[in-house]
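# What the coordinates show
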Amino acid sequence: MGLTPAVELSFLKPKEQEILAEAIDNEQSTPSLSQAQRMKKLSAEGQLDDDSIQDIMSEQKKPDMSCIKLSFDKISRYFPRSYTPIQMENMIIKLLDIWHRNRQRQNER
């Protein structure tokens, strides 16, 4: 869990923190900053309970746009068995560069 969400959650009552710990274990996910802030606000208003914690924790989080993951199973068939993951990544980048240049040329016409 990130430090900032953890600080926000430190304001929850001990019983609320116990319920949240169970929800984290059940969901196998930690709250985002915005989720932690909403829980803190509900707690301050006396409205944070099992259901609201579960509702917040079960929300679909926005995907991390700083990283793209490709499963090895999906891409390994395109490469020789001897290729390492780094070699695969380098080749994917090289092919994307070629594709991008071709698109730029087509757009210039």
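Heads up: the structure comes first, above all this text.
Residues numbered from 1 in each chain as written. Predicted model: local features only at pLDDT ≥ 70, side-chain atom pairs only at ≥ 80, totals over all residues. Heavy atoms only, no water.

Right, let's get into the environment of Thr4. The topology assignment puts Thr4 in helix 1 (residues 3-9). Looking at Thr4, the relative accessible area reads 45%, which means it is partly exposed. The sequence separation of Thr4 and Ala36 amounts to 32 residues, and the corresponding C-alpha distance is 8.8 Å. (Helix = DSSP H or I, 4+ residues; strand = E, 2+ residues; numbered from the N terminus. Buried < 20%, exposed > 50% of the residue type's maximum accessible area, 1.4 Å probe, protein only.)

Negative charge collects at one region of the surface, where Glu18, Glu22, Asp25, Asp49, Asp50, Asp51 and Asp55 lie side by side. Those elements that place two or more of their residues in the negative patch are helix 2 (14-27) and helix 4 (50-57). Inspection of the secondary structure assignment puts Asp51 in helix 4. For Asp51, a relative accessible area of 56% gives the class exposed. (Patch = residues over 30% accessible without salt bridge, like charges linked within 9 Å, V, L, I, M, F, W, Y side chains within 5 Å. Areas by Shrake-Rupley, 256 points an atom, 1.4 Å probe, with all protein chains shown as cover. Salt bridge = Lys/Arg side-chain N within 4 Å of Asp/Glu carboxyl O. Lys, Arg positive; Asp, Glu negative; His and termini not counted. Charge placed at Lys NZ, Arg CZ, Asp CG, Glu CD.)

Our focus in this paragraph is the packing of aromatic side chains. Using the criterion set out here, one finds one aromatic pair in the structure. Their ring planes at 35 degrees and their centres at 5.7 Å tell us that Phe79 and Tyr83 sit as a pair that is tilted. With relative accessibility at 13%, the residue Phe79 sits in the buried group. The ring of Phe11 has Lys40 sitting right over it, with the charged end atom 4.0 Å from the ring centre. (Phe/Tyr/Trp six-rings, centres within 6.5 Å; stacked < 30°, edge-to-face > 60°. Lys NZ or Arg CZ within 6 Å of the ring centre and 35° of its normal.)

To continue, consider the side chain of Glu16. Mapping Glu16 onto the fold places it in helix 2. You can call Glu16 buried: its relative accessible area is 7%. There is a polar contact of 2.6 Å between the side chain of Glu16 and the side chain of Ser43. Discounting residues that sit within four places of it in the chain, Glu16 has contacts with Ser43, Leu48 and Ile53. (Polar contact = N/O pair within 3.5 Å; in protein donor to acceptor, adjacent residues only side chain to side chain. Contact = heavy atoms within 4.5 Å.)

The next point concerns the packing of helix 3 (residues 33-44) against helix 4. The angle between the axes and the distance between the axes are what describe a pair of packed helices. As a packed pair, helix 3 and helix 4 sit with axes 10 Å apart at the nearest point and diverge in direction by 165 degrees. It follows from the interaxial angle that helix 3 and helix 4 lie roughly antiparallel. Crossing of helix 3 against helix 4: the hand is right-handed. Where helix 3 approaches helix 4, its residues Gln35, Arg38, Met39 and Leu42 are matched on the opposing element by Ser52, Ile53, Ile56 and Met57. (Axes fitted to C-alpha atoms, helices over the stretch in contact; angles between N-to-C directions. Parallel < 35°, antiparallel > 145°, perpendicular 65-115°, else oblique. Left-handed = near helix turned anticlockwise from the far one by under 90°.)

The grouping of Leu3, Val7 and Phe11 at the surface amounts to a nonpolar patch, some 330 Å² of accessible area in total. Examined against the element boundaries, Leu3 turns out to sit in helix 1. We classify Leu3 as exposed; its relative accessible area is 68%.

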